[in-house]
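# Close look at the chain arrangement
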Amino acid sequence: RRAPEAADTSAAKVQKVADGSTTKKLGKLIDLNSLTSLAQRIITAHQSDDSKDTKFLDDCHDNGTIERQLWPYFLHLNNNGASDPNEEIAYALVLLANRRGGGSGKGSGIDGGGDSQLMFVVDDNFSPSSSSVSPIQRTASFALLLKGLLNYQDMQTQSLGHISIQNEVLRFLIASYSSMELRCKSSDSNSSQRRGIIEGPLVDLVGVRLWDAIPKRKRFLEMKRDGMLKKRYGLYETKRGDKDANVGFLPGLVDQLFAIITKDDLDEGEQRAVKGYISKSLELLLDLLSYPQTRTHVASFISSHNLTVKLVLSKLYRDQSFVLFRQQVNMLLDSERMEGGMGSSTSNSSALMEKGVDRLIYQRAHTLQKLLHRHYVEEASDVVFAGVGRVTDATWLREKIGLWSENTLYDVCYRLRLVDDKDIGSSTAEIAEQLGCTRRDLLTSIIIYHQSSRQSDASVLSAAPIFPTEELLWDPHSVPPGNFSLASNVQSLSLPKLNARFLSAGDYLLRNFHLFRLECAYEIRGDIVDVVKRMRPALKQDGYTDPNDYYGGQEDTAHQDDFGKTEFQGWARMGLQLKSNKEDKQGFRIIRVDPPRLGQRFPSNVVAELVLDLYHCATSLASEWDQLREFDNLFLVAVDATTISASQTEDRKIPDEEDFSFPERFGVRAVRGVTVLEVRDEAGVVLSDPALAYEEGGKPQPKGKRRFLRVALDPAQYAADATGRGSSLGTDVYDTFNLVVRRQGKENNFKAVLETIRGLMRGGAHSMYRSIPSWLMPVLLGYGGDPSAASFLSPQMKSFASKTAGGTSPN
């Protein structure tokens, strides 16, 4: 390739080789000195709080500085065959890209979409000067951008603002990995490209090179098991030659993350930046484990360094004030040990199902038993001769390991290739001291983590509550505000992401289950807040009792002197008060708890009775409550006016629907969901019976003003409350409800959707692997296949419909 020849570089034309013979003009090239000065100006403005600097950055964004000046620089470097990009220009481009995506700048809060940040690479509408650049050249230019960015990150490690620089780099990497499927949108580009424009450089950063950062004994063992991995690593070593190993950015990120979480002397000013760095680092690790293109080697690297065990044992994990860290570590724990991999390095590990995961765990248990039988048969005889179910049980195994000596425990971990004091740079004793635990605790946690089994995704979903509770509804990290500008204190979210590809069908359904549940929780929170505000809870100042109240008359004086009880001074169309002045006539009571089914740990059914009094409701409002039918969902709210901490009428800049202090301000103590089974009037007529509409003379009018609702509680949530995990009050929390909230029917069908997903995950005749044909699964999961096969007119679909019992005829 010949460098462009021009006397005036500010007006020089860069010639680009398109097909090897045809040359096209890329555009004007800015002088390198002026471009470097511009990059330094952008970096300085980003670090400043001055309004003029903020306006300068906004002008750079509006004038298209990335497309017109910064990105063409990397295209020109690739055209000339250069391999040393300017680090400051790369970092300046990343700052403006993060600003475009909403993930940079003061008060920007949560990152925007990654596609908008990376659109300058693939879309010619954003970058007219690159319309003649082929996809291969774009990929090579993006690789130069990543190289310059990571070099700048390494150069600024010892600077005062290195944490903020690390945060910006992490934001860009997160957006880049989430946009790996981007394709060129220009008409002259190759539309049949099988990989995204930026996928190659990103996957290479966390590819087979990571095995150079894995302990040698562990690497030798894994390659002995997997011949394909050994072949790929051999090709990589041949290509690398005598050069030093380049393990990418991930090992340095993991080491710095561990150093930060074990650091105690942090200033108050650094804590916010450090917490943002920790949350962004964990978010990037979660993303790398969730993408099939990057999971293979990343899972093996994280498992070999026992990163998850160290995070769980850290002091920060035990700190109750950093809730986001605990949530992200739990997600990392589940993601690393999920059914799509278990840290295996095999290329088909994403297809592992529940039986494959169990088989892998049983093989590890058998290996442990053979090792103990050979070397420590007397000291560990209980483990050697135990069944595989015992050996994979974490509680039982921890009890037996406690009887071993510390030297025995380390030797077992060493022989299993779980630890190696000579190869990891620091001894297990030093790591335990940094974590604030003993060496025995660290070794015990490591061996239990690798040997114990985990619950399958289907069993986890079966035990997960369907209805949201007060803890989930007002959790800023799980259910964030709808307006991101109100979440300036939220750096990341502990939410799963929907990708273009998925590890398995179970991974796809599991992510959709959690996201749809959280989306419904956001809508439910808004409805409950609206009803509680309109009901206006307050302290009851006297013992007046309505003589027409069903729950008690004037002669009942048992609770007339109860000062401080909660009363509602308003009314709401979608809410009714539950009150009781007689202990034997409660507004809500549990009437039946059925024993668990075989193999389950929670009741099969929990049935309760709910009494509604429509005496104070207008005719139109009472008719709306009479429209309640079977399978409708209601929400019970416990409001305690004695816990109200602030005035409810004070002016606030944040809407009540987005205010996470709303429970303290209005005294909301608990929220539980129920499903209607039947509705009866005072005469005992089942109003929810559909057959009433076909009776002669039409549907009869309900008798009286009271409605008796038979409702079903969530068995999983009831079991959690009974054990103290759901509520500190135990099952007594069901005696505190004094408000019932209903929702519109069109918005209230979330329970059926969630139960359908759970049914597909459970297995059996309605399993997802039986419901979805094998030739369609790769299309749905993004692994390729023929996309036209998903059409109902395709030959595959017609053949499937003709051979499937109960399917519609293809003709």
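What counts, and at which threshold
Residues numbered from 1 in each chain as written. Predicted model: local features only at pLDDT ≥ 70, side-chain atom pairs only at ≥ 80, totals over all residues. Heavy atoms only, no water. Helix = DSSP H or I, 4+ residues; strand = E, 2+ residues; numbered from the N terminus. Contact = heavy atoms within 4.5 Å. Buried < 20%, exposed > 50% of the residue type's maximum accessible area, 1.4 Å probe, protein only. Arc of directions from axis to C-beta. Axes fitted to C-alpha atoms, helices over the stretch in contact; angles between N-to-C directions. Parallel < 35°, antiparallel > 145°, perpendicular 65-115°, else oblique. Left-handed = near helix turned anticlockwise from the far one by under 90°. Nonpolar A, V, L, I, M, F, W, Y, C, P; charged D, E, K, R; others polar. Phe/Tyr/Trp six-rings, centres within 6.5 Å; stacked < 30°, edge-to-face > 60°. Lys NZ or Arg CZ within 6 Å of the ring centre and 35° of its normal. Expected span 1.5 Å × (residues − 1). Core = buried A, V, L, I, M, F, W, Y, C linked by side-chain atoms within 4.5 Å. Salt bridge = Lys/Arg side-chain N within 4 Å of Asp/Glu carboxyl O. Pairing = 2+ DSSP bridges.

## Digging into the overall build of the protein chain
Counting its secondary structure elements, the protein chain contains 33 helices and 11 strands. In the protein chain, of all internal contacts separated by at least 6 residues, the share reaching a separation of at least 24 is 71%.

## So, helix H20 (residues 394-401)
Those residues of H20 that fall on the buried side of the exposure criterion are Trp396, Leu397, Lys400 and Ile401. Buried residues of H20 fall within an arc of 130° about the axis and therefore sit on the same side. Of the residues in H20, the exposed ones pointing more than 90 degrees away from the buried face are Thr395 and Glu399. On its buried face, H20 is in contact with helix H18 (381-384), helix H19 (388-391), helix H21 (406-415) and helix H23 (439-451).

## So, the packing of helix H1 (residues 32-47) against helix H2 (residues 51-62)
Contact pair H1 / H2: the axes reach a minimum separation of 9 Å and the direction vectors enclose 130°. Compared by their axis directions, H1 and H2 come out oblique. Considering the relative orientation of H1 and H2, their crossing is left-handed. Residues Leu38, Arg41, Ile42, Ala45 and His46 of H1 pack against Asp53, Phe56, Leu57 and Cys60 of H2. Counted by class, the contact of H1 with H2 contains six nonpolar, one polar and two charged residues.

## Here's the deal with the packing of aromatic side chains
Each aromatic ring pair is described using two quantities: the centre-to-centre distance and the angle formed by the ring planes. Within this structure, the stated rule accounts for 18 aromatic pairs. An angle of 75° between the planes, with centres 5.1 Å apart, marks the rings of Tyr73 and Phe74 as edge-to-face. On the basis of an interplanar angle of 75° and a centroid distance of 4.9 Å, the ring pair of Phe502 and Tyr508 is categorised as edge-to-face. Taken together, the ring pairs connect Trp71, Tyr73, Phe74 and Phe120 into an aromatic cluster. Positioned above the aromatic ring of Phe258, the side-chain terminus of Lys310 is 5.2 Å from the ring centre. The ring of Trp625 carries the charged tip of Arg742 above its face, separated from the ring centre by 4.7 Å.

## Notes on H23
With 13 residues, H23 ought to run about 18 Å at 1.5 Å a step, and its terminal C-alpha atoms sit 18 Å apart, in line with that. Most of H23 sits inside the fold, with 11 of its 13 residues counted as buried. Those residues of H23 lying buried are Arg439, Leu442, Leu443, Thr444, Ser445, Ile446, Ile447, Ile448, Tyr449, His450 and Gln451.

## A short note on the nonpolar core
In terms of nonpolar packing, the biggest core is built from 129 residues, with Tyr177, Leu250 and Ile447 touching the most fellow members. Not counting residues within four places of it along the chain, the set of residues in contact with Leu250 comprises Val206, Leu210, Leu285, Leu288, Val298 and Phe301. Formed by 41 residues, the second largest nonpolar core is a distinct cluster that contains Leu472, Phe502, Phe662 and Phe666.

## Description of the pattern of salt bridges
Under the counting rule described, the total for this entry stands at 38 salt bridges. Lys497 serves as the salt-bridge partner of Asp287, at 2.8 Å between the closest nitrogen and oxygen. Of this pair, Asp287 sits in helix H12 (residues 268-290) while Lys497 sits in the loop between helix H25 (470-473) and helix H26 (505-535), and the two are 210 residues apart along the sequence. Relative accessible area serves as the criterion here: at 4%, Asp287 is assigned to the buried category. With a shortest N-O distance of 3.5 Å, Lys400 and Asp382 are connected by a salt bridge.

## Side note on the sheet that holds strand E9 (residues 668-680)
Across the sheet, which stays open at both edges, the seven strands sit in the order E5-E11-E8-E9-E10-E7-E6 with antiparallel pairing between neighbours. In this open sheet, the two strands that pair with only one neighbour each are strand E5 (575-577) and strand E6 (588-593). Between one strand and the next, the sheet's axes are offset by a mean angle of 35°, whatever the strand orientation. Examined bridge by bridge, strand E8 (residues 633-639) and E9 share seven bridges and lie antiparallel to one another.

## Structural notes on unusual backbone geometry
A positive phi angle, close to 50°, is found at Arg536, a residue other than glycine. We classify Arg536 as partly exposed; its relative accessible area is 43%. One non-glycine residue, Phe631, lies in positive phi territory at about 75°. Relative accessible area serves as the criterion here: at 58%, Phe631 is assigned to the exposed category.

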